[in-house]
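# Descriptive structure summary
The lines below spell out each chain.
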Amino acid sequence: MHALISELTELVGESGLVSDAALAERATSYWNSDPTTARALVKPASTQEVSAILKYCHDHDQTVVVQGGLTGVVAGCEASEADVIVSLERMNQIEEIDDIENVATVQAGVILQNLHEALEPKGLLFPLDLGARGSCTVGGNVATNAGGINVLRYGMMRNLVLGLEVVLMDGTVLSSMYPMLKNNTGYDLKQLFIGSEGTLGVVTRIMVRLFPQPTSRQSAMVALDSFDKVMTLLNRLQGELAGTLSAFEVMWQNYYEGVTGEGQHRPPLARDYPFYTIIEAEGFDEANDAARFERLLENAFEDGLVSDAVIAQSERERQDVWIVREEFDPILPAYLYDVSLPIKHMNDYAVELDQRLRSELAGTYPVVFGHIADGNLHIFVLPYKNDEHHHAADQVLYETLAKYGGSVSAEHGIGIEKRAWLSMNRSEDELMLMRNLKQVLDPKHLLNPGRVFA
């Protein structure tokens, strides 16, 4: 142990290593307040230091767990007493913003919100956006193929990465840092690492696509009395907003009721409607965009699709709408799930899941919301009783999901918590190929061991 600490300190300096009591002062993750456990935590400040750390650990058969912003929800960043943690928190520089190519080059530890704020004065946008924007890192977004609220318009992280630098477990540095949108030269190796949850290599630098910052934004919260009307409204807006629709979030009534009311968020609308949607469109013609947006909602109201609505007239009012969707602390703690399935089956799934949980796990029930325009639902199962109901809730939720052809993970990955259910969505041939890739790139199985595969 002393030799390990000494060697790692030599590589990153005393300020770059955390161990013993100082390590125990750090929480395991955003979702787990238990003290961090590991042999040591190292904070490299460069790709070269990451390479040296991994090579040392590879040569000494030392397992490594990679950490970013600690906001993942599948225990993918949680280490054991036998692991060394590599935290990329010091690799937090925005190296370049190229407004000719519309590309930003960033280190993996850059906080997503910091990138947003650096781009705003330049009139540029990196469209990935999610509730954890103030904590999550761009490298973690790459590792988990993050989605968020703008997938409908811009796609997931996989669609936004142009170049990638990755360090393999043996210290080899792979650099595919090309800013071109078109680069059709053999296998696109960077795509192997996007969404691989740190099991194939450690992402150290990223080139991401940028877009012009929209100059107009219209936001509204809408109440509806059936899920059929939710689907009809989505289809209508996708057609009539001509590609400017950037977000369409849906909250079932028990979610909305759970996070609003006395002592909680102020409800923008009455709390007794079956469904609520947050709609956002972004464009470049404020007057015409706003008029069109209001006209479409008025038409939807006249046609009986919409029961009630509020249109944000300021940024403050917009934040009052979005806080209901993004800050769900009032209903925590809970078991959190992230699934995808065809939109047409979502409410049937939610209803059946509610019935099964209440009958098979007395006292438990689901709280449902999500990005549904891209097929993604988030589900809280309450009440939380440590691990008492966790496995049983998993069983009910995923068995019910299988009936509707859904995926056990829409945007949060597999990590440790979902690996037992991976075979529900991947054939044995696919799993074998995935294991073979792991074997080629990390033959000793030292990097993020136990993630994705047991």
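Residues numbered from 1 in each chain as written. Predicted model: local features only at pLDDT ≥ 70, side-chain atom pairs only at ≥ 80, totals over all residues. Heavy atoms only, no water.

All right, on to the nonpolar core then. Leu8, Leu115, Phe126, Leu164, Ile206 and Val208 are the most contacted members of the largest nonpolar core, which has 55 residues in total. The leading source of residues in this core is helix H3 (residues 47-59), at five residues. In terms of nonpolar packing, the next biggest core, distinct from the first, is built from 52 residues, Leu224, Ala300, Val368 and Ala373 among them. (Core = buried A, V, L, I, M, F, W, Y, C linked by side-chain atoms within 4.5 Å. Buried < 20%, exposed > 50% of the residue type's maximum accessible area, 1.4 Å probe, protein only. Helix = DSSP H or I, 4+ residues; strand = E, 2+ residues; numbered from the N terminus.)

What follows concerns the pairing of strand S13 (residues 245-252). Among the eight residues of S13, eight are classified as buried, and the element is accordingly described as predominantly covered. Strand direction decides the pairing type here: S13 and strand S17 (residues 365-370), joined by two bridges, are antiparallel. Directly across from Met251, in S17, lies its bridge partner Phe369. (Pairing = 2+ DSSP bridges.)

Before going further, it helps to spend a moment on the packing of aromatic side chains. Here the structure, examined in full by the defined rule, presents 16 aromatic pairs. Aromatic side chains Tyr398 and Trp421 sit 5.1 Å apart centroid to centroid with 45° between the ring planes, which places their arrangement in the tilted category. Of this pair, Tyr398 sits in helix H14 (residues 390-403) while Trp421 sits in the loop between H14 and helix H15 (428-441); the two residues are 23 residues apart in sequence, bridging distant segments of the chain. Owing to a relative accessible area of 1%, Tyr398 belongs among the buried residues under this scheme. Residue classification places Trp421 among the buried residues on the basis of a relative accessible area of 15%. Site record: aromatic cluster; members linked through ring pairs are Tyr30, Trp31, Tyr255, Phe328, Phe369 and Phe380. (Phe/Tyr/Trp six-rings, centres within 6.5 Å; stacked < 30°, edge-to-face > 60°.)

What helix H1 (residues 2-12) keeps buried is the set Leu4, Ile5, Leu8 and Val12. Relative to the axis of H1, the buried residues are bounded by an arc of 95° and lie together on one face. The exposed residues of H1 that point more than 90 degrees off its buried face are His2 and Glu10. Those residues of H1 hidden inside the fold are in contact with strand S1 (17-18), strand S2 (40-42), H3 and strand S4 (84-87). Positive phi appears at Gly13, one or two residues downstream of H1, with a value of about 80°. (Arc of directions from axis to C-beta. Contact = heavy atoms within 4.5 Å.)

In short, the description is geometric, and any link to function would need to be established separately.
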